[in-house]
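Okay, here's what each chain looks like letter by letter:
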Amino acid sequence: MRRRLIAGNWKMHSTPDETESFISRFLPLIGSAEADAAIFPPFTSLDRAGRLLRSSDVRLGAQDVYFEAKGAFTGAVSPGMLVACGCRYVLVGHSERRHTFGDDDPIVRRKLDATLSGGLDPVLCMGETIEERRAGATFDVLEAQLIAALRKLPPDLFSRVVIAYEPVWAIGTGETATPEQAEEVSAWIRARVGAAFGAPAAERIRILYGGSVKPDNARSLLTLPNVDGALVGGASLDPEGFAAIISAGVR
Ligand code: PEP
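## Points about the packing of aromatic side chains
The tally for this structure, following the rule as stated, stands at nine aromatic pairs. The interplanar angle of 10° and the centroid separation of 3.9 Å between the aromatic rings of Phe 158 and Phe 197 together place this pair among those described as stacked. One end of the pair, Phe 158, is in helix H8 (residues 155–158); the other, Phe 197, is in helix H9 (residues 179–197), with 39 residues separating them in the sequence. Relative accessible area serves as the criterion here: at 3%, Phe 158 is assigned to the buried category. Its relative accessible area of 24% is what places Phe 197 among the partly exposed residues. What links up through ring pairs into an aromatic cluster is the set Trp 10, Phe 22, Phe 26 and Phe 242. The ring of Phe 101 carries Arg 97 above its face, with NZ or CZ at 4.0 Å from the centroid.

As structure tokens, then:
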């Protein structure tokens, strides 16, 4: 049985003090050992969050990473710096990175490789735009993103990858994929992983759904056979709401 992962992507929200206040309200609300919970605050809050979460089961992740270890890369943050803050995960290829910051498929691949070799687990985000869906190109787009990010990845490294299916049209829009759409794509991703990495790898990999997940729609998405958790943006900023989503994900 795959353990569910409910991850909160805070995007560009929360100072270190606000992060501390979130954590002090959030920790007493969750207690389940049946689902993994993770928060992804901005870089500037990671060190504080890492210290506060150290003795809890809540995991910490970063929203991005650079693919070099150190050097003249102004503004960049390396995998080693994230590990030192207590991170376990990194979001790689989030649609806002792809569309606002120009992270194309080769950059996504380099970030994924650097994440893995730096000892962190990547949450590889992928998804189609509304134009691509309307054009019937959803699976072509996902195929291209999957191949670019994962082709020839050694099995021991692949086993640490989490995939998040996030239709771009559902991110931050309030428009959620239907359970049928989320299940159709997640099942397709699992089958595609099976074809490339074998049935045991497909059975093991965690596939999350992301895109306007809220407390009131979480259960319908998190109980789908091929959906193993959620990547939650806006709704993860509220401790009570995020805890309610996590409870909805407990099998
Ligand atoms: C996200 O940022 O990955 C996301 C899914 O955002 P939201 O839940 O706000 O749509």
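## Re the packing of helix H5 (residues 105–117) against helix H7 (residues 138–150)
It is the contact of H5 with H7, at a shortest axis distance of 8 Å, that shows an interaxial angle of 45°. By the angle between their axes, H5 is oblique relative to H7. In this structure, H5 meets H7 at a crossing whose hand is right-handed. Along its contact with H5, which presents Asp 105, Val 108, Arg 109 and Leu 112, the element H7 presents Ala 144, Gln 145, Ile 147, Ala 148, Ala 149 and Leu 150. Taken together, the residues of the contact of H5 with H7 break down into seven nonpolar, one polar and two charged.

Parameters at a glance
Sequence order as written defines the numbering, with residues in each chain counted from 1. With pLDDT at 70 or above as the cut-off, local features in this predicted model cover only qualifying residues; side-chain atom pairs require 80 or more to be listed or tallied, and sums for whole chains, interfaces and linings still use all residues. The side-chain numbers reported here are obtained from all heavy atoms of the structure, hydrogens and water having been left aside. Put simply, two rings from Phe, Tyr or Trp (the six-membered ring, in Trp's case) pair if the centres are within 6.5 Å, and we call them stacked under 30 degrees between planes, edge-to-face over 60, tilted for the rest. Only DSSP runs of H or I with at least four residues qualify as helices, and only runs of E with at least two residues qualify as strands; both kinds are numbered from the N terminus onward. Think of it in three bands: with a 1.4 Å probe and only protein chains considered, a residue is buried below 20% of the maximum accessible area for its type, exposed above 50%, and partly exposed in between. For a ring to carry a charge above it, either NZ of a lysine or CZ of an arginine must fall within 6 Å of the ring centroid while also lying within 35 degrees of the normal to the ring plane. Angles here are taken between N-to-C directions and fall from 0 to 180 degrees, while the axes themselves are lines fitted to C-alpha atoms, restricted in helices to the stretch in contact. Angles are sorted into four bins: roughly parallel if under 35 degrees, roughly antiparallel if over 145, roughly perpendicular if 65 to 115, and oblique for all others. A clockwise turn of the near helix away from the far one marks a right-handed crossing, whereas an anticlockwise turn of less than a right angle marks a left-handed crossing. Note on contacts: a residue pair is in contact if any heavy atoms of the two residues lie within 4.5 Å. Any residue outside Ala, Val, Leu, Ile, Met, Phe, Trp, Tyr, Cys, Pro, Asp, Glu, Lys and Arg is labelled polar, Gly included; the first ten of those are nonpolar and the last four are charged.

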